[in-house]
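Given next are the chains, with one letter for each unit.
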Amino acid sequence: MAKPHHPLRALTDEERVVLLTVTRAPSAPMVSVIRATLLLAVAAGASFSAAARSVGRRDNDAVARLVRRFNAEGLDALLPRHGGGKVTYGPTERARIFQEFRRAPTLEQDGTRTWSLTLLQRALRAAPDGLPTVSTWTIYQVLHAAGYTWQQTRTWCPTGTVVRKRQGQLVTVTDLEAEVKKGR
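What you are looking at is a predicted structure, and each value in this text was computed from that prediction instead of being measured.

Rules and cut-offs
- Residues numbered from 1 in each chain as written.
- Predicted model: local features only at pLDDT ≥ 70, side-chain atom pairs only at ≥ 80, totals over all residues.
- Heavy atoms only, no water.
- Helix = DSSP H or I, 4+ residues; strand = E, 2+ residues; numbered from the N terminus.
- Buried < 20%, exposed > 50% of the residue type's maximum accessible area, 1.4 Å probe, protein only.
- Contact = heavy atoms within 4.5 Å.
- Pairing = 2+ DSSP bridges.
- 1 Å grid on protein atoms, 1.4 Å probe; cavity = no way out; pocket = protein on both sides within 12 Å on 5 of 7 lines; lining within 4 Å.
- Points joined across faces, edges and corners; volume = space filled by probe spheres on them.
- Nonpolar A, V, L, I, M, F, W, Y, C, P; charged D, E, K, R; others polar.

With that settled, the discussion passes to the overall build of the chain. Along its length, the chain carries ten helices and two strands. Scanning the chain from its N terminus toward the C terminus, one meets helices and strands in the order α-α-α-α-α-α-α-α-α-β-β-α. Among the 184 residues that make up the chain, the fraction classed as buried is 29%. Partitioning the intrachain contacts of the chain with sequence separation of at least 6 by distance along the chain shows that 46% fall at a separation of at least 24.

Mapped onto the elements of the fold, Thr136 is located in helix α8 (residues 136-145). Separated by 20 residues in sequence, Thr136 and Ser116 place their C-alpha atoms 9.4 Å apart. Setting aside residues up to four positions removed in sequence, Thr136 forms contacts with Leu117, Thr118 and Gln121.

What follows is about the pairing of strand β1 (residues 161-166). With six bridges joining them, β1 and strand β2 (residues 169-174) adopt antiparallel strand pairing. Residue pairing in the sheet places Arg164 in a bridge with Val171 of β2. Hairpin connection from β1 to β2: two residues lie between these consecutive antiparallel strands, with Gln167 at a positive phi of about 50°.

Our next topic: the layout of surface pockets. Counted as a void, the largest pocket has a volume near 290 Å³. Lining of the largest pocket is provided by 13 residues; of these, Arg35, Leu38, Ala62, Val63 and Leu66 occupy positions nearest its centre. Breaking the lining of the largest pocket down by element, the ones donating at least two residues are α2 (30-43) and α4 (60-73). Here the residues of the lining of the largest pocket sort into seven nonpolar, no polar and six charged.

So yeah, pure geometry; function would need other evidence.
Next comes the structure, spelled out in structure tokens:
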């Protein structure tokens, strides 16, 4: 026996405007456009089956689940949820990535004075309390989600000047033709 479908609650004027805007937005994710179209069709009086067919779908149970979710969550039902699987890097792992990112790298310990994603990955994997399987993509996603962009937050070395290790000592080497090479 099929489960009974819950009817769609009455839409507020604000919700109706947002749903119409999403259906017409060329840059909106397709899944959100389809969900908004389904909700508007059901609100206009179409059956769940007819609403599903209007967007090229066959499953009226998916429409029923969407309506149930919309009744409970409102406009958040338009957004996709986590696609499943295990979230490997939770808040503690993200905090560990930030802790290492905020630490200034040292030439002796890290072999560099500026972080790159690869060097940050190596430092995290080598640390005793680190993340032995973290990828550069995960590090990038964590930093990007926190509002960092690599170009704006990286500390840059002066062009044409580099610190080299020569016979056990650190020596600053300057390229006298750096400005010519840069085209200035």
